[in-house]
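Breakdown of the fold
For reference, the chains in residue letters:
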Amino acid sequence: MSSATSPLATPFPEMPPIAGVRLRVARARYKEWDRTDLTFVDFVPGTTVAGVLTQSKCPSPEVEWCRRALVLGQARALVVNAGNSNAFTGERGRDAVEAIAAQAAQAIGCQPSDVFVASTGVIGVPLPIDKAQAGLAAAFVAPEADWHAAAETIGTTDTYAKGVGATAIVGGRPVTIAAIIKGSGMIAPDMATMLGFIFTDAAVEAPFLQAALAAANARSFSCITVDGDTSTSDTVLAFATGAAGNAPLADDDSEGADAFRAALADVCRQLALLVVRDGEGATKLIEVTVEGADSDRSAHRIAMSIANSPLVKTAIAGEDANWGRIVMAVGKAGEPAERDLLAIRFGATQVAEGGLAVAGYDEAPVAAHLRGQEVEIGVDLGLGEGRATVWTCDLTHGYISINADYRS
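The structure contained in this document is the topic of the report that follows. Along each chain, the written sequence defines residue order, and numbers are assigned to residues from 1. Local features are withheld for residues below a pLDDT of 70 in this predicted model, meaning they are given only at 70 or higher, and side-chain atom pairs are given and counted only at 80 or more; totals for whole chains, interfaces and linings count all residues. With hydrogens and water set aside, each side-chain value is computed from the structure's full complement of heavy atoms.

Another aspect to go through is empty space enclosed by the protein. As a volume, the largest cavity reaches approximately 30 Å³. The pocket and cavity definitions rest on a 1 Å grid over protein atoms only: a 1.4 Å probe that fits but cannot leave marks a cavity, an open set with protein on both sides within 12 Å along at least five of seven lines marks a pocket, and residues lining either have an atom within 4 Å of a point. Lining the largest cavity, in full, are Val 312, Ala 315, Ile 316, Asp 320, Asn 322, Arg 325, Ile 326 and Phe 346. The helix count covers DSSP runs of H or I at least four residues long, the strand count covers runs of E at least two residues long, and both are numbered beginning at the N terminus. Counting residues per element, the ones that place at least two in the lining of the largest cavity are α8 (310-317) and α9 (324-332). At three residues, the largest contribution of residues to the lining of the largest cavity is made by α8. Considered class by class, the residues forming the lining of the largest cavity number five nonpolar, one polar and two charged. Grid points are joined across faces, edges and corners, and a volume is the space filled by probe spheres set on the points. Classes in brief: Ala, Val, Leu, Ile, Met, Phe, Trp, Tyr, Cys and Pro nonpolar; Asp, Glu, Lys and Arg charged; the others, Gly included, polar.

Take a look at the structure:
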C-alpha cells in the first residue's frame, strides 16, 4: 500500500464475518517490502462461485485458470498474490499457478480445480514458486485475519484498503455480503490491475450467481476508468457459502432473488467507486452521464470516450471549464451524434446547447463546482432514449510519478 493516502479516500467500514469463510494473510515476500502480500481464503464444502474476467488478449495464467475452474461452479479456496502479476511469463507462470492450486488443495482436501488463484503487480516476471509455497505454508497456520487485513494485503499501488458490506432478506432469511477490492491504476475493466472478491452466506446456485454478477458488473466495474488501460489480470469473483440457510436461489423466480440482485449490484457499484477514488494521482472523482443517445450501448461508448480523454481529465485537474474538450470527446467516439442538438452541463449549470455556448453563460458557478472533489459532467445528444453513467478521475502529475517509479 502507498504511504500517501488519496484525498478521495473513505474509511474502511465495519464488516461482519461471513459464515463459511475463513481469511488468512502471510508474507511471501514477492517484493522487498515489509508487509503481507499473500491472502488465503478457504470455504465450506458446497460453496458456489461466479466470476467476470479481463477481456485482454494477453491474460495471465491465473485468469486462464479461473476461467476453466468457473465452468464447474464450485470453490473451496482462493489464493491472492500481490506484487507480481505473473502475466506474460510462459510455462513458468502456468507452473506456478498449478503448484499453488495443488498445494492449497492438498491442505484442505479438495481438487485443484476448486482453488481459485489471482495475482497482481509487475507484468513479465514469473511468480517465484518457492516464495509462493512458503507463503502458503505460513498462511495455513496463521491466525484468522479480518477484512481490513485482507483488503490491505491484496493491494499494490492502492493508497487505502477498500471494502463494502451489505445485508438483505432473502427467502425470509437475513443474508450478508462482504467484499474487498484492489485497484488504482491500469483501470478500464473491459470485463468482463483490478481484483475484487465478494463473499456471501446466501445459498445461490452457480448459474444464477453468474447471471447476477454479470448484470451487476455491466453497471459498475465496466463503467469505471482511471487511465483507459485494461489489465491482463482483471478479476472479480463472487463466492456463496449457503450458510444463511435460505432456499437456494436458482433463478429470478426464486423468493428473494430481486433482493439479492439489488444488494449485489449495490456492493459492486460501491466497490467500483472506491477504485476510482483511489485512481493513481487522483484529486477529483468525475461522474459522466450521457443521455439522449441512440441506445444505451452508444451512450456508454460516448461516456467512456469522455472519461478516457486525457484532455478532459487534465482540464478537470486544472479546474478549467473547457467544455470544448467534451465536444471533442463526443465527436471522436464513433457513435451517432448531431452537433446542433448537443447539450453539455457541468454540475447543474448548462454551458452549451444547440451546438453552441449558452447565451449569457456565467462561468462562476462552474468554476466553483470544479473546485470541489466530486465533479459532474452531463451530455444530452437529443437523439433517443439511450443513457449511461460512468465514473473516472482527473489526470495529474501524480499519475506520472507513480508509474515512472512503479518497478523500483
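Additional details are given in the paragraphs that follow.
Of the volumes computed, that of the largest pocket is approximately 310 Å³. Along the walls of the largest pocket sit 13 residues, with Ala 218, Arg 219, Cys 223, Ala 388 and Thr 389 positioned nearest its centre. When residues of the lining of the largest pocket are traced back to their parent elements, those giving at least two are α5 (206-218), α6 (257-277), α7 (296-307) and β15 (386-393). When residues of the lining of the largest pocket are assigned to their parent elements, the largest contribution, four residues, is made by β15. Its residues placed into classes, the lining of the largest pocket shows six nonpolar, three polar and four charged.

Let us look at unusual backbone geometry. Despite not being glycine, Asn 86 has its phi angle at roughly 60 degrees, a positive value. Assignment of secondary structure puts Asn 86 in the loop between β4 (77-84) and α2 (90-108). Each residue gets one of three labels from its accessible area relative to the maximum for its type: buried under 20%, exposed over 50%, partly exposed in between, using a 1.4 Å probe on protein chains only. By relative accessible area, Asn 86 is classed as buried at 0%. In this structure, Glu 319 is a non-glycine residue whose phi angle is positive, near 55 degrees.

Below, the discussion takes up α5. Between the first and last residue of a helix there are one fewer steps than residues, each counted as 1.5 Å, and that sum is the expected span. In a regular helix each residue adds 1.5 Å, so 13 residues correspond to 18 Å; α5 covers 18 Å between its end C-alpha atoms and thus fits that length. Buried within α5 are the following residues: Ala 206, Phe 208, Leu 209, Ala 212, Leu 213, Ala 216 and Asn 217. All buried residues of α5 project into a common sector of 165 degrees when viewed along the axis, lining one side. Tucked into the core, α5 has its buried residues touching β3 (48-53), β8 (195-200), β9 (235-240) and α6. Note: the arc covers the axis-to-C-beta directions of the helix. Any two residues whose heavy atoms approach within 4.5 Å are treated as being in contact.

Attention now goes to the side chain of Thr 48. Of note, Thr 48 is situated in strand β3. A relative accessible area of 14% places Thr 48 in the buried class. When near neighbours in sequence (up to four residues on either side) are disregarded, Thr 48 contacts Gly 73, Gln 74, Val 204, Ala 206, Leu 209, Ala 238, Phe 239 and Ala 240.

Quick look at the sheet that holds β4 now. For two strands to count as paired, DSSP must find a minimum of two bridges between them. Reading across from one edge, β1-β2-β4-β5 is the order of the four strands in this open sheet, with mixed pairing throughout. Across the chains shown, the open sheet's two edge strands, defined by having one partner strand only, are β1 (21-26) and β5 (115-122). Neighbouring strand axes in the sheet, compared pairwise and without regard to direction, differ in orientation by 15 degrees on average. Sheet topology note: the β4/β5 ladder contains eight bridges and is parallel. Looking at β5, one finds that Asn 81 is bridged to Ser 119. Simply put, an axis is a line fit to the C-alpha atoms, just over the touching stretch for a helix, and the angle between two N-to-C directions goes from 0 to 180 degrees. With respect to the sheet, α2 is in contact with β2 (38-43), β4 and β5, its orientation differing from that of β5 by roughly 140 degrees.

By convention, a stacked pair of Phe, Tyr or Trp rings (six-membered ring in the case of Trp) has centres within 6.5 Å and planes under 30 degrees apart, an edge-to-face pair has planes over 60 apart, and any other such pair is tilted. Applying the stated rule across the entire model yields six aromatic pairs. Between the aromatic rings of Trp 147 and Phe 199, the centroid separation amounts to 5.3 Å while the plane-to-plane angle is 35 degrees, which identifies the pairing as tilted. Pair check on accessibility: Trp 147 and Phe 199 agree, each one buried. One aromatic cluster in this structure is built from Phe 43, Phe 116, Trp 147, Phe 199 and Phe 239.

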